[in-house]
Amino acid sequence: NIAAGQSFFVRSKPVTSNNPKITFKNNMRVRDINQTVEFFATGNNNEAADNYATSGKHRIWVGISTPENVRNEALIGYINNATDGIDDLFDGKRFSGNIVAIYTLVNETELTIEGRGLPFNEQDKFTVGYFSSASTNLKISIDQFDGIFSNQNIYLIDKVHNTEHNLKNGAYQFQSEAGTYNDHKTVLTFINSE
């Protein structure tokens, strides 16, 4: 379900006779007052957070921003049936074109959405990559979280500056040159030791 006024991207596999085109029709629309009232996802709804905890969805929205508040966001989540590899149903590859972007890496694949299977393992580590089109100060923050992450610390480890920062205590700020940084120097983890 996509709320009124929201947008989305679709990246499909090549069209073949076994894999037909994607078709959207008006009869797919659902009339539901809850879909139209909540125009933007704010992350402040306690009832929704309770539902996520019992539904098996445990998610973190990690954001990157510039001093001019140009932003980008990635999602890390734990859900039943996902794996540590690339899953068509749970992982979303990064689209290019942003001024600044943050993503996780599975092997060398850049993901805007990375799903991992339950049960949650606090020893898990996520390699974080980012892109900046200009040399600037950047800020990495936790924008939202739900499920088990309500009571779980989330650490960013910057191996370039030998720094460890609990993102639950606030954003991590650093200076960056323009470029793409997929060198496995930034890690997101849940325990405070590498």
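In what follows, the accompanying structure is described. (Residues numbered from 1 in each chain as written. Predicted model: local features only at pLDDT ≥ 70, side-chain atom pairs only at ≥ 80, totals over all residues. Heavy atoms only, no water.)

**Points about empty space enclosed by the protein**
Inspection of the entire model under this criterion finds one cavity of 30 Å³ or more. As for the largest cavity, its lining consists of V62, A74, I76, I102, Y103, T104, V128, L156 and L188. Here the lining of the largest cavity takes three residues from strand β4 (residues 100-106), the largest share from any one element. Residue composition of the lining of the largest cavity, by class: eight nonpolar, one polar and no charged. (1 Å grid on protein atoms, 1.4 Å probe; cavity = no way out; pocket = protein on both sides within 12 Å on 5 of 7 lines; lining within 4 Å. Points joined across faces, edges and corners; volume = space filled by probe spheres on them. Helix = DSSP H or I, 4+ residues; strand = E, 2+ residues; numbered from the N terminus. Nonpolar A, V, L, I, M, F, W, Y, C, P; charged D, E, K, R; others polar.)

**Some remarks on the environment of I60**
With respect to the secondary-structure elements, I60 resides in strand β1 (residues 58-65). For the pair I60 and D143, spaced 83 residues apart in the sequence, the C-alpha separation amounts to 7.7 Å.

**Concerning the nonpolar core**
Among the nonpolar cores identified, the biggest contains 22 residues, and V62, I140 and L188 are the most heavily contacted of them. If you list the elements that add at least two residues to this core, you get β1, β2 (71-79), β4, β6 (125-132), β7 (136-145) and β10 (172-176). Those residues in contact with I140 that lie beyond four places of it in its chain are V62, G63, I64, I102, L156, L167, A171, Y172 and F174. (Core = buried A, V, L, I, M, F, W, Y, C linked by side-chain atoms within 4.5 Å. Buried < 20%, exposed > 50% of the residue type's maximum accessible area, 1.4 Å probe, protein only. Contact = heavy atoms within 4.5 Å.)

**What about the pattern of salt bridges?**
Tallying each qualifying case throughout the model produces six salt bridges. Ionic pairing is found between R116 and D84, a salt bridge with its closest N-O pair at 3.9 Å. Of the two residues, R116 is situated in strand β5 (residues 109-117) and D84 in the loop between β2 and β3 (92-93); the sequence distance between them amounts to 32 residues. Taking the relative accessible area as the measure of exposure, R116 reaches 9% and is therefore buried. Given the relative accessible area of 52%, D84 is considered exposed. Of the charged contacts, one joins E110 and R94 as a salt bridge, the two residues approaching to 2.8 Å between their closest N and O atoms. Highlighted residues: E110 in strand β5 and R94 in the loop between β3 and β4, separated in sequence by 16 residues. Overall, R94 belongs to the buried group, its relative accessible area being 18%. Among the charged side chains, a salt-bridge network with shared partners connects D84, E114, R116 and D124. (Salt bridge = Lys/Arg side-chain N within 4 Å of Asp/Glu carboxyl O.)

**Section: the pairing of strand β9 (residues 163-166)**
Bridging between strand β8 (residues 155-158) and β9 involves four bridges; their strand directions are antiparallel. Within β9, the residue paired with I157 across the bridge is E164. What sits between the antiparallel neighbours β8 and β9 is a turn of four residues, in which N162 has the positive phi angle 50°. (Pairing = 2+ DSSP bridges.)

**Structural notes on unusual backbone geometry**
The peptide bond linking L118 to P119 adopts the cis configuration, its omega dihedral lying at 10°. With respect to the element layout, P119 can be found in the loop between β5 and β6. Here the phi dihedral of N81 falls at roughly 80°; this positive angle occurs in a residue that is not glycine. Mapped onto the elements, N81 comes out in the loop between β2 and β3. What makes N81 exposed here is its relative accessible area of 69%. Phi is positive for N107, which is not a glycine, with a value near 55°. One can find N107 in the loop between β4 and β5.

Keep in mind these numbers describe shape, not what the thing actually does.
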